[in-house]
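Spelled out from the first residue to the last, the chains are:
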Amino acid sequence: MTIITHEVGNITTSEAILPNWWREVDQTSFFAVVILLVVGCILSFTATPPLAERLGKAHFALAYKHVFYAIISLLIMWWVSTLKPKTARRLTCIIFVGVFVALVILPLIGTQHGKGSTRWLSLGFYSFQPSEFLKPSLVVVSAWLMCGQFDHNRHPGVLVSFILTSICVALLMIQPDLGQSITVIIGWSAVYFAAGASIPMIGLILAITIGCGILAYIQFDHVKARIDAFIESNFGSPDSSGGIAEPMTQVGFSQQAIGNGGIDGTGLGNGVVKWYLPDGHNDFIIAVAAEEFGLIFVLIISLLFLVIGVLTLKRLNQQKDYFMRFAGTGLIITFCAQVFINLAVAVELSPAKGMTLPFISYGGSSLMSVGLTLGLILCFSRQHNKASITE
């Protein structure tokens, strides 16, 4: 009888794992991510054919590849969200070590893929972008270090995480990758603000960010060209005839696509600007969406991102554990910053930075990294019976 009771108890516990996770997790944000992934898959079938044609591939070859990585992203998100916070922290720290090593060797063996920046490591059958995985892993490591300062007054957690972040930003600037550098700084700053930032450090962070931007403008031609194009398109640049020169950049094509779409769009597959927009499948995917589905569709996408951000911050505010609160805040702010930067570039509120739109843009590294990011966010924002990292 004792054996039977013990076995039944084990079965009950095992069967309760999934229901317990579903009760604890942010269900609304989970469904919002699923919807975004579905939207990204639909858009990939209309946005990737121009690139496939340029590469000499089958019409929907890249779209099928996007769907594959979208499924992988969803599985990563679900699996990570089921982990105990302590296990998720350890896993992410291991990922950070691997990513850091990859960033160090990237200038030596990395590839550009015609983008003007050495951002990818090629394994022959697959190329990945280490900086995509740096964003969530560095946030978690920084949150862990800062928590150490709360537990031990003399523990230099903030200083160590600041030095570590500075080294990572320097490695990103070598590529160069200004967009990811800014996002990394935003992520660390969010963790630090959640932990209680001092005024002098806020000023130092702002100075470093501005300094990185100025250095990138001076040192890298493609960064200078993007910023100059942004300034000229907004404030005008006189041409030889005394008029205003307006070269058609990617941002120009993006605005044209948005204008063509109007309120309800031209219809799936009927967009024309995507054939002239080199990065219409990733950095400017929202322009393709706007042309073919219209303004209302874009607003719905934006609302889904907003829902994820607001609900996550609300749930994190209820967490008692410092680590989960710090890490979750840094992750969701990093995620939202990436969304904002991508959308701002598309409507010419910011110079082009090569930033993808999470869960929607084409790209294996991007999809898997945001899957990891949201998995960690869902893990740290779960409403456990005992909100403790040791659960």
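These notes cover the structure that comes with them. Here the structure is a predicted model, which means the values were calculated and not measured.

Turning to the pattern of salt bridges, a few remarks are in order. In total, this model carries three salt bridges according to the counting rule given. Between Glu-132 and Lys-135 there is a salt bridge, with the nearest N and O atoms lying 3.1 Å from each other. A residue pair is termed a helical-turn pair when its members lie 3 or 4 positions apart in one helix, as Glu-132 and Lys-135 do in helix H6 (residues 130–151) at three residues. Of the residues examined, Glu-132 reaches a relative accessible area of 4% and is grouped as buried. For Lys-135, a relative accessible area of 5% translates into the label buried. Note that Glu-292 and Lys-274 form a salt bridge whose closest N and O atoms lie 2.8 Å from each other. In this pair, Glu-292 sits in helix H12 (residues 285–293) while Lys-274 sits in the loop between helix H11 (250–261) and H12, placing the two residues 18 residues apart along the sequence. Using a relative accessible area of 1% as the deciding quantity, one classes Glu-292 as buried. Among the residues examined, Lys-274 registers a relative accessible area of 5% and is labelled buried.

Before going further, it helps to examine a nonpolar patch on the surface. Residues Val-97, Val-101, Val-104, Ile-105, Leu-108 and Ile-109 make up a contiguous nonpolar surface patch of roughly 560 Å² in combined accessible area. Relative to the assigned elements, Leu-108 resides in helix H5 (residues 85–109).

What follows deals with helix H7 (residues 157–174). Residue pairs three or four apart in sequence face the same way in an α-helix, which turns once every 3.6 residues. Helix length check: H7, at 18 residues, gives a terminal C-alpha distance of 26 Å against a target of 26 Å (1.5 Å per residue), a fit within 8%. Of all the residues in H7, the buried ones are Gly-157, Val-158, Ser-161, Phe-162, Thr-165, Cys-168, Val-169, Leu-171, Leu-172 and Met-173.

Mapped onto the fold, Asp-26 is located in the loop between helix H1 (2–24) and helix H2 (27–47). Comment: no salt bridge for buried Asp-26; closest opposite-charge side chain is Arg-315, at 4.2 Å. Reaching out from Asp-26, the side chain makes a polar contact with the side chain of Ser-29 at a distance of 2.6 Å. Apart from the residues lying within four places of it in its own chain, the contact partners of Asp-26 are Leu-311, Thr-312, Arg-315 and Leu-378.

Along the polypeptide, Gly-157 turns up in helix H7. Given a relative accessible area of 0%, Gly-157 falls into the buried group. C-alpha separation for the pair Gly-157 and Leu-145, spaced twelve residues apart in sequence, amounts to 4.5 Å.

Quick notes on the rules
- Residues numbered from 1 in each chain as written.
- Predicted model: local features only at pLDDT ≥ 70, side-chain atom pairs only at ≥ 80, totals over all residues.
- Heavy atoms only, no water.
- Salt bridge = Lys/Arg side-chain N within 4 Å of Asp/Glu carboxyl O.
- Helix = DSSP H or I, 4+ residues; strand = E, 2+ residues; numbered from the N terminus.
- Buried < 20%, exposed > 50% of the residue type's maximum accessible area, 1.4 Å probe, protein only.
- Patch = residues over 30% accessible without salt bridge, like charges linked within 9 Å, V, L, I, M, F, W, Y side chains within 5 Å.
- Areas by Shrake-Rupley, 256 points an atom, 1.4 Å probe, with all protein chains shown as cover.
- Expected span 1.5 Å × (residues − 1).
- Lys, Arg positive; Asp, Glu negative; His and termini not counted.
- Polar contact = N/O pair within 3.5 Å; in protein donor to acceptor, adjacent residues only side chain to side chain.
- Contact = heavy atoms within 4.5 Å.

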